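Here's the letter readout for the chains.
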Amino acid sequence: MASTFDVVFRGGTVVNQDGTAGRDIGVIGGRIAEIGEIDPARAGEIVDCRGLHVLPGVIDSQVHFREPGAEHKEDLETGSLGAVMGGVTTVFEMPNTTPLTVTRETLEDKIRRARHRMHCDFAFWVGGTHGNAEEVQELERLPGAAGIKIFMGASTGDLLVPDDEGVEAILSHTSRRVAVHSEDEYRLIERKGLRVEGDPSSHPVWRDEVAALRCTERLVRIARKTGARIHLLHVSTAEEMDYIRAHKEYASVEVTPQHLTFTADDYATLGTRLQMNPPIRAPHHRDGIWQGLWQGVADVLGSDHAPHTLEEKAKPYPASPSGMTGVQTLVPIMLDHVNAGRLSLERFVDLTSAGPLRLFGIAGKGRIAVGYDADLTIVDLKRRETIRDNWIASRSAWTPYDGKTVTGWPVGTVIRGRRVMWEGELTTPSGGEPLRFLEALPKSV
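Since the structure is predicted, the reported quantities are computational estimates derived from the model, not experimental observations. (Residues numbered from 1 in each chain as written. Predicted model: local features only at pLDDT ≥ 70, side-chain atom pairs only at ≥ 80, totals over all residues. Heavy atoms only, no water.)

A count of helices and strands for the protein chain gives 14 helices and 17 strands. Computed over the C-alpha atoms, the radius of gyration of the protein chain is 21 Å, within 12% of the 22 Å expected from 2.2 N^0.38 for a compact globule of 445 residues. Seen through its principal axes, the protein chain has C-alpha atoms that stretch 70 × 55 × 40 Å. Expressed as a percentage of the 445 residues in the protein chain, the buried residues total 62%. The contacts of the protein chain with a sequence gap of at least 6 include a subset with a gap of at least 24, amounting to 73%. Put simply, the protein chain shows about 16,200 Å² of open surface, and 48% of that area lies on carbon and sulfur atoms. Side chains of the protein chain give 51 positive and 62 negative charges; the mean places of these two sets differ by 1 Å. (Helix = DSSP H or I, 4+ residues; strand = E, 2+ residues; numbered from the N terminus. Rg over C-alpha atoms; globule rule 2.2 N^0.38 Å. Buried < 20%, exposed > 50% of the residue type's maximum accessible area, 1.4 Å probe, protein only. Contact = heavy atoms within 4.5 Å. Areas by Shrake-Rupley, 256 points an atom, 1.4 Å probe, with all protein chains shown as cover. Lys, Arg positive; Asp, Glu negative; His and termini not counted. Charge placed at Lys NZ, Arg CZ, Asp CG, Glu CD.)

We now examine the environment of Ile387. Its place among the elements puts Ile387 in the loop between β14 (376-386) and β15 (405-415). Taking the C-alpha atoms as reference points, Ile387 and Asp402, separated by 15 residues in sequence, lie 5.4 Å from one another. Filtering out sequence-adjacent residues up to four positions away, Ile387 remains in contact with Thr329, Ile333, Thr399, Tyr401, Asp402, Gly403, Lys404, Val406 and Trp409.

What follows is about the sheet that holds strand β8 (residues 121-127). With parallel pairing, eight strands are arranged side by side in an open sheet as β6-β7-β8-β9-β10-β11-β12-β13. In this open sheet, the two edge strands, each paired with only one partner strand, are β6 (58-63) and β13 (300-301). Sheet topology note: the strand β10 (residues 178-181)/strand β11 (residues 230-232) ladder contains three bridges and is parallel. Across the sheet, Val180 pairs through a bridge with Leu232, a residue of β11. Sheet strands in contact with helix α2 (residues 104-114) are β7 (88-93), β8 and β9 (145-151), and its direction is about 160 degrees off that of β8. (Pairing = 2+ DSSP bridges. Axes fitted to C-alpha atoms, helices over the stretch in contact; angles between N-to-C directions.)

Let us now look at the nonpolar core. Formed by 87 residues in total, the largest nonpolar core has its most connected members in Val91, Met118, Ile150, Val255 and Phe348. In contact with Phe348, other than residues within four places in its own chain, are Leu55, Val58, Leu301, Leu330, Val331, Met334, Leu335, Val338 and Leu343. (Core = buried A, V, L, I, M, F, W, Y, C linked by side-chain atoms within 4.5 Å.)

A few words now on the pattern of salt bridges. Under the definition given, this model contains 35 salt bridges. Glu71 serves as the salt-bridge partner of Arg113, at 4.0 Å between the closest nitrogen and oxygen. One end of the pair, Arg113, is in helix α2; the other, Glu71, is in the loop between β6 and α1 (76-85), and 42 residues separate them in sequence. Judged by its relative accessible area of 29%, Arg113 is partly exposed. Residues Lys365 and Asp375 are paired through a salt bridge, measuring 2.6 Å at the closest nitrogen-oxygen approach. Of this pair, Lys365 sits in the loop between α14 (345-360) and β14 while Asp375 sits in the loop between α14 and β14; the two residues are ten residues apart in sequence, bridging distant segments of the chain. (Salt bridge = Lys/Arg side-chain N within 4 Å of Asp/Glu carboxyl O.)

All right, on to the environment of Gly432 then. Position of Gly432 relative to the elements: it lies in the segment after β17 (425-426). For the pair Gly432 and Ala154, spaced 278 residues apart in sequence, the C-alpha to C-alpha distance is 30 Å. When neighbours within four sequence positions are excluded, Gly432 is seen to be in contact with Ala114, Arg115, His116, Met118, Cys120, Asp121, Phe122 and Arg416.

All right, on to the pairing of strand β1 (residues 7-16) then. Where burial is concerned, most of β1 is hidden: seven out of the ten residues are buried. Note: β1 against strand β2 (residues 19-28), eight bridges, orientation antiparallel. Paired with Phe9 across the two strands is Ile25, which belongs to β2. Between β1 and the antiparallel strand that follows it, β2, lie two residues. Bridge analysis of β1 against strand β4 (residues 46-48) gives three bridges, and the strand direction is parallel. Within β4, the position partnered with Val8 by the bridge is Ile46.

This is the structure:
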């Protein structure tokens, strides 16, 4: 007797590893059980996807959800609500919380806070420090750990590791890919005097392209020496893209929608709302990042969602904090670039699902394939919408894209076969679960 599916997503244009075509997707027990033409009589529930594109669930591997310690800006529930409202099914959250996520205990605390309270599935980066360098091989393999994250600039206290010796001590003990914020802290200290009171356009003058490139060159040298794999977050300069293309055996690359969309010219209208680390830079850097994306140097897209309240952002530069919301706008902003012809839909899928699967070894996610979790991002490529602050679910409730009209919109967010968001409405209670990673699966006894 033919199987009965819990749900069939019917009539959509599916984008997966063997191309783009009209297909149905049958789900049993939260996993994809069949792809193809499915008899509707075999479906317990049918979701009509005619006229829509069905993509593998979008994975955002860099978000800051601020919990614990700064819940007035964001927390795990509100940040993940923004994720699913924007079509994102999975996030990797960062360790610069209070307390820092640098021990087994602080990681396990985050997982307890997140399980069935976050709306999307999740993993947590663990911070690499001078103090835990000899423990990182154990920490990176704990359940729910995305891996180790190093801040070489743009951080303070124990989480800042600006020196080559400290970075080498961490990388020499890792076996998984290590994410790095690559800005040379020593150059940033030297150039602090270049910040202009009240002028956020001086931010990229202070944190210049040399600070980024110099740190990336140092990192590649250390990776070569230790045999480690590094992942360069939010690459922001044309020079780094040119350098990394010759060193891809050591380094993978994340780019962000904001570095692909804005330029330093936008400080005139957006002011401190555009302020982030590393900065939004001159137009030729945006062009260089796009060139790296077209050439295959870029591996993944991450939002670097890092919210602050509007009251905090309204402080005069440089007292204003760096960071902006982004997890909810990643999909519509990049679909607008797809519709403008800047990248193909297939390349978007590679950057947001196949890329994270490939780099981080996520178990059971990242593809529309039989046996994988039924994580789907369902989009209307023709739909035009204007992004507004009042659409943003983040507790900080603003976006630098306020007023921007885009073509391409997330219609549905499906996680393990459950419609979590549909047509802008939250449709399923929070049920987020930690990810599993191939390099950290428990061994059978």
